[in-house]
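Coordinates in review
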Amino acid sequence: MTVEARKLHFIEEFLKVTDENIISQMEHLLRNEKRKQQENSLKPMNMNEFKHIIDKAREDVEQGRVISHENLKQEILSW
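So, here's what we can say about the structure.

**Observations regarding the overall build of the chain**
The secondary structure content of the chain amounts to four helices and zero strands. What you see in the chain, going N to C, is helices and strands ordered as α-α-α-α. At 23 Å, the chain has a C-alpha radius of gyration far larger than the 12 Å of a compact globule built from 79 residues. Over its C-alpha atoms, taken along the principal directions, the chain stretches across nearly 60 × 35 × 25 Å. If you sum the accessible surface of the chain, you get close to 7,900 Å²; carbon and sulfur atoms cover 57% of it. Charge centroids of the chain, computed over 13 positive and 15 negative side chains, lie 4 Å from each other.

**Focus: the packing of aromatic side chains**
If you walk through the whole model with that rule in mind, you get one aromatic pair. On the basis of an interplanar angle of 15° and a centroid distance of 6.1 Å, the ring pair of Phe10 and Phe14 is categorised as stacked. Within this pair, Phe10 and its partner Phe14 are both found in helix α1 (residues 3-16), separated by four residues, close to a single helical turn. Phe14 sits in the partly exposed class, given a relative accessible area of 29%.

Rules behind the numbers
Residues numbered from 1 in each chain as written. Predicted model: local features only at pLDDT ≥ 70, side-chain atom pairs only at ≥ 80, totals over all residues. Heavy atoms only, no water. Helix = DSSP H or I, 4+ residues; strand = E, 2+ residues; numbered from the N terminus. Rg over C-alpha atoms; globule rule 2.2 N^0.38 Å. Areas by Shrake-Rupley, 256 points an atom, 1.4 Å probe, with all protein chains shown as cover. Lys, Arg positive; Asp, Glu negative; His and termini not counted. Charge placed at Lys NZ, Arg CZ, Asp CG, Glu CD. Phe/Tyr/Trp six-rings, centres within 6.5 Å; stacked < 30°, edge-to-face > 60°. Buried < 20%, exposed > 50% of the residue type's maximum accessible area, 1.4 Å probe, protein only.

The structure is reproduced here in structure tokens:
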């Protein structure tokens, strides 16, 4: 059975579930697995990468490529 077929089968079975506790457990499991996958995809940066990012940020400030906190809040409200 392909992954796509397995997912469809799972969805069909999940839609039949009426027990709130089982649904909560499945939500919890999915959240935890997504968090684990995200954590596993992260990699620490080395000191050279860190310094490069700091230098780039300083350059952005010097070149005026920044936005104030208040302006950002106003921009977000316009979305």
